[in-house]
Amino acid sequence: MTGIREPDTEELLDRTARGDQSAMQQLLVRHRTRLRRMIAIRMDPRLAARTDPSDVVQEALLDASQKLPDYLLRRPLPFYPWLRQLAWERLVQLNRRHIKAQARSVRREESFDLALPDQSVMQLAKRLVSSRTSPSQRLVREELRS
């Protein structure tokens, strides 16, 4: 039983350089899952609340398709590290735009649930008021506890 051999990355790059659009699509799709994992691991959780890693990968692959002719002429890096670099640059741009921006900051969207359990609140209240020693302060302390 012989299976159809998948073309390797170099073969796809050569075919893409000759104008084969199908090879270009295969080349980009081949690395989509790996790029998504890389982005998901490195994405700030505050950014993840606004943007899905798949969106970052989609934009990086769009960048790659536009920059591919130049890459094919120079081949400065092996293909996957080049793609990873484009995805990383896209993630850095999103990080700057959404997290470091002053206007409508993601930080403002974080919810801070500072509610304490009743028992913790009571312990905190006892500690805060227990240092008072005068009779009037003891009455105030008892009043505060109740």
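Residues numbered from 1 in each chain as written. Predicted model: local features only at pLDDT ≥ 70, side-chain atom pairs only at ≥ 80, totals over all residues. Heavy atoms only, no water.

*Asks:* Is there a simple way to think about the overall build of the protein in this case?
*Replies:* Counting its secondary structure elements, the protein contains eight helices and zero strands. Reading the protein from its N terminus to its C terminus gives the helix and strand order α-α-α-α-α-α-α-α. The buried share of the protein, taken over its 146 residues, is 28%. Entry remark: accessible area of the protein is about 10500 Å², with carbon and sulfur atoms responsible for 52%. (Helix = DSSP H or I, 4+ residues; strand = E, 2+ residues; numbered from the N terminus. Buried < 20%, exposed > 50% of the residue type's maximum accessible area, 1.4 Å probe, protein only. Areas by Shrake-Rupley, 256 points an atom, 1.4 Å probe, with all protein chains shown as cover.)

*Asks:* How should I be thinking about the side chain of histidine 31 in this particular structure?
*Replies:* Take histidine 31: it is sitting in the loop between helix 2 (21-30) and helix 3 (32-42). Residue class for histidine 31 comes out buried when judged on its relative accessible area of 8%. Apart from the residues within four sequence positions on either side, histidine 31 is in contact with Thr9, Phe79, Tyr80 and Leu83. (Contact = heavy atoms within 4.5 Å.)

*Asks:* When you look at the packing of aromatic side chains in this model, what are you seeing that I'm missing?
*Replies:* Any two aromatic rings considered together are summarised by their centre-to-centre distance and by the angle between their planes. Scanning the model with the defined rule gives three aromatic pairs in all. Between the aromatic rings of tyrosine 71 and phenylalanine 79, the centroid separation amounts to 5.6 Å while the plane-to-plane angle is 70 degrees, which identifies the pairing as edge-to-face. Grouping residues by exposure puts tyrosine 71 and phenylalanine 79 together as buried. Feature note: the residues Tyr71, Phe79 and Trp82 constitute an aromatic cluster, connected by ring pairs. The aromatic ring of tyrosine 80 is capped on one face by arginine 34, whose charged end is 3.7 Å from the ring centroid. (Phe/Tyr/Trp six-rings, centres within 6.5 Å; stacked < 30°, edge-to-face > 60°. Lys NZ or Arg CZ within 6 Å of the ring centre and 35° of its normal.)

*Asks:* Help me understand the pattern of salt bridges in this model?
*Replies:* Where charged atoms from two side chains of opposite charge approach closely, those side chains can pair. Under the definition given, this model contains nine salt bridges. Between aspartate 20 and arginine 15 there is a salt bridge, and its shortest N-O distance comes to 3.1 Å. A relative accessible area of 19% places arginine 15 in the buried class. Each of Glu10, Asp14 and Arg75 takes part in a single network of salt bridges with overlapping partners. (Salt bridge = Lys/Arg side-chain N within 4 Å of Asp/Glu carboxyl O.)

*Asks:* Sorry, what's going on with the packing of helix 3 against helix 5 (residues 53-74) here?
*Replies:* Taken N-terminus to C-terminus, the directions of helix 3 and helix 5 make an angle of 125 degrees; their axes are 9 Å apart at the nearest point. Relative to helix 5, the element helix 3 is oriented oblique. In this structure, the crossing between helix 3 and helix 5 has a hand that is right-handed. Facing Arg32, Leu35, Arg36, Ile39 and Ala40 of helix 3, the residues of helix 5 in contact are Pro53, Ser54, Val56, Val57, Gln58 and Leu61. (Axes fitted to C-alpha atoms, helices over the stretch in contact; angles between N-to-C directions. Parallel < 35°, antiparallel > 145°, perpendicular 65-115°, else oblique. Left-handed = near helix turned anticlockwise from the far one by under 90°.)

*Asks:* Sorry, what's going on with the nonpolar core here?
*Replies:* Across soluble globular proteins, you tend to see nonpolar side chains buried next to one another. Among the nonpolar cores identified, the biggest contains 28 residues, and Leu35, Ile39, Phe79, Trp82 and Leu83 are the most heavily contacted of them. Those elements that place two or more of their residues in this core are helix 1 (9-17), helix 2, helix 3, helix 5 and helix 6 (79-98). In this structure phenylalanine 79 touches Thr9, Leu13, Leu27, Leu28, His31, Leu68 and Tyr71, once residues within four positions along its chain are discounted. (Core = buried A, V, L, I, M, F, W, Y, C linked by side-chain atoms within 4.5 Å.)

No statement about biological role is implied by the geometric values presented.
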